[in-house]
Amino acid sequence: MKKFFLIAIIIFSFPGGMAQSKDESSIRYILDRQVNAWNMGDIRTFMQGYWQSDSLLFIGKTGVTYGWQPTLDNYKKRYPDTASMGKLTFTLLEFKPLAFPYYFVVGKWHLERSIGNIEGHFSLLFKKIINQWFIVADHSS
């Protein structure tokens, strides 16, 4: 019995030792879908991870954008073709549950492109809306 408790203490003392929550798994799935859509050149499907609302907040190198459609328009303007889009990878660094229904995610993004690679960091605020997680705020640099 003592061995069981010792093993349990060791396993649960490390962050990787605990199973992901259902919410974290759902959010990871959304981010994976975004990467796949981006890498297929499909910005509109990539945007399905965002809250389709005028209240969506996106902060990037050109400033603050409010709304789903203006955010989509900015992506299309900045990445007009698959050469400029490249191949996206995310490295997820932090998952923090906040007061329900919010989750905070921090990570790195990288675009492998024939016209020159670019990369940066992001912080995302997810909100659970009618049983689905959506990005309601994105700060990407």
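## Side note on the pattern of salt bridges
Okay, so step 1: Scanning all chains against the criterion turns up three salt bridges.
Okay, so step 2: Measuring nitrogen to oxygen at the nearest pair gives 3.3 Å for the salt bridge that ties Glu 94 to Lys 96.

## Quick look at helix α4 (residues 68-78)
Okay, so step 1: Inspection of α4 places Trp 68, Thr 71, Leu 72 and Tyr 75 among the buried residues, and these make up the whole buried set. On an axial view of α4, the arc spanned by its buried residues comes to 100°, and they lie on one face.
Okay, so step 2: Where α4 is buried, its residues meet α2 (22-39), α3 (43-46), β1 (57-60), β2 (63-66) and β6 (132-140).

## A closer look at α2
Since one α-helical turn is 3.6 residues long, residues separated by three or four positions face the same way.
Okay, so step 1: With 18 residues, α2 should cover 26 Å at 1.5 Å per step; its first-to-last C-alpha distance of 26 Å lies within 8% of that length.
Okay, so step 2: For α2, the complete set of buried residues consists of Glu 24, Ile 27, Ile 30, Leu 31, Gln 34, Val 35, Ala 37 and Trp 38.
Okay, so step 3: A positive backbone phi angle near 80° is found at Gly 41, which sits one or two residues after α2.

## Quick look at the sheet that holds strand β4 (residues 102-112)
Okay, so step 1: Taken in spatial order, the six strands make up an open sheet running β2-β1-β6-β5-β4-β3, and their pairing is mixed. Edge positions in the sheet fall to β2 and β3 (87-97), since each has one partner strand and no second. Strand-to-strand twist in this sheet, taken as the mean axis angle between neighbours without regard to direction, amounts to 25°.
Okay, so step 2: Two elements, β1 and β6, share three bridges in a ladder whose sense is parallel. Looking at β6, one finds that Leu 57 is bridged to Ala 137.
Okay, so step 3: Where α2 meets the sheet, its contacts fall on β3, β4, β5 (118-129) and β6, and the angle it forms with β3 comes to roughly 165°.
Okay, so step 4: Where α4 meets the sheet, it contacts β1, β2, β5 and β6, and its direction lies at approximately 125° from that of β2.

## A look at the confidence of the model for the protein chain
Okay, so step 1: Considering every residue of the protein chain, the mean pLDDT works out to 89; 86% of them sit at 70 or more.
Okay, so step 2: Within the model, the stretch residues 1-18 combines pLDDT values under 50 with three contacts to residues more than four positions away or in other chains.

## What to know about the packing of aromatic side chains
Okay, so step 1: Throughout the structure, instances matching the rule amount to eleven aromatic pairs.
Okay, so step 2: For the ring pair Trp 38 and Phe 46, a centre distance of 5.0 Å and an interplane angle of 65° mean the geometry is edge-to-face. Take Trp 38 and Phe 46: they sit in the same class, and that class is buried.
Okay, so step 3: Ring centres 5.8 Å apart and planes at 85° place the aromatic pair Tyr 103 and Trp 133 in the edge-to-face group. Of the two residues, Tyr 103 sits in strand β4 while Trp 133 sits in strand β6, which places them 30 residues apart along the sequence.
Okay, so step 4: The class of Trp 133 is buried, set by a relative accessible area of 7%.
Okay, so step 5: Chaining the aromatic ring pairs together yields one cluster made of Trp 38, Phe 46, Tyr 50, Phe 58, Tyr 75 and Tyr 79.

Cut-off values and rules
- As a convention, each chain's residues are numbered from 1 in the sequence order in which they are written.
- Per-residue local features of the predicted model are confined to residues with pLDDT of at least 70, and side-chain atom pairs are confined, for both listing and counting, to 80 or more; whole-chain, interface and lining totals are unaffected and use all residues.
- Side-chain measures here rest on the full set of heavy atoms in the structure, leaving out hydrogens and waters.
- Note on definitions: salt bridges are taken to be side-chain nitrogens of Lys or Arg within 4 Å of carboxyl oxygens of Asp or Glu.
- Note on exposure labels: buried denotes an accessible area under 20% of the residue type's maximum, exposed denotes more than 50%, and partly exposed covers the range between, all computed with a 1.4 Å probe on protein chains only.
- Under the DSSP-based scheme used, a helix requires at least four consecutive residues in state H or I and a strand at least two consecutive residues in state E, with every element numbered from the N terminus.
- Directions pointing from the helix axis toward each C-beta atom define the arc.
- Between two residues, a contact is recorded if the distance between any of their heavy atoms is within 4.5 Å.
- The length a helix should cover is 1.5 Å for every residue beyond the first.
- Strands are treated as partners if at least two bridges between them are detected by DSSP.
- Structural elements are reduced to axes, namely lines fitted to C-alpha atoms, with helices fitted over the stretch in contact, and the angle between N-to-C directions of any two is expressed from 0 to 180 degrees.
- Residue-level confidence of the predictor, termed pLDDT, takes values from 0 up to 100.
- The pairing test for Phe, Tyr and Trp rings, Trp by its six-membered ring, is centres within 6.5 Å, and the orientation test on the planes gives stacked under 30 degrees, edge-to-face over 60, and tilted for anything in between.

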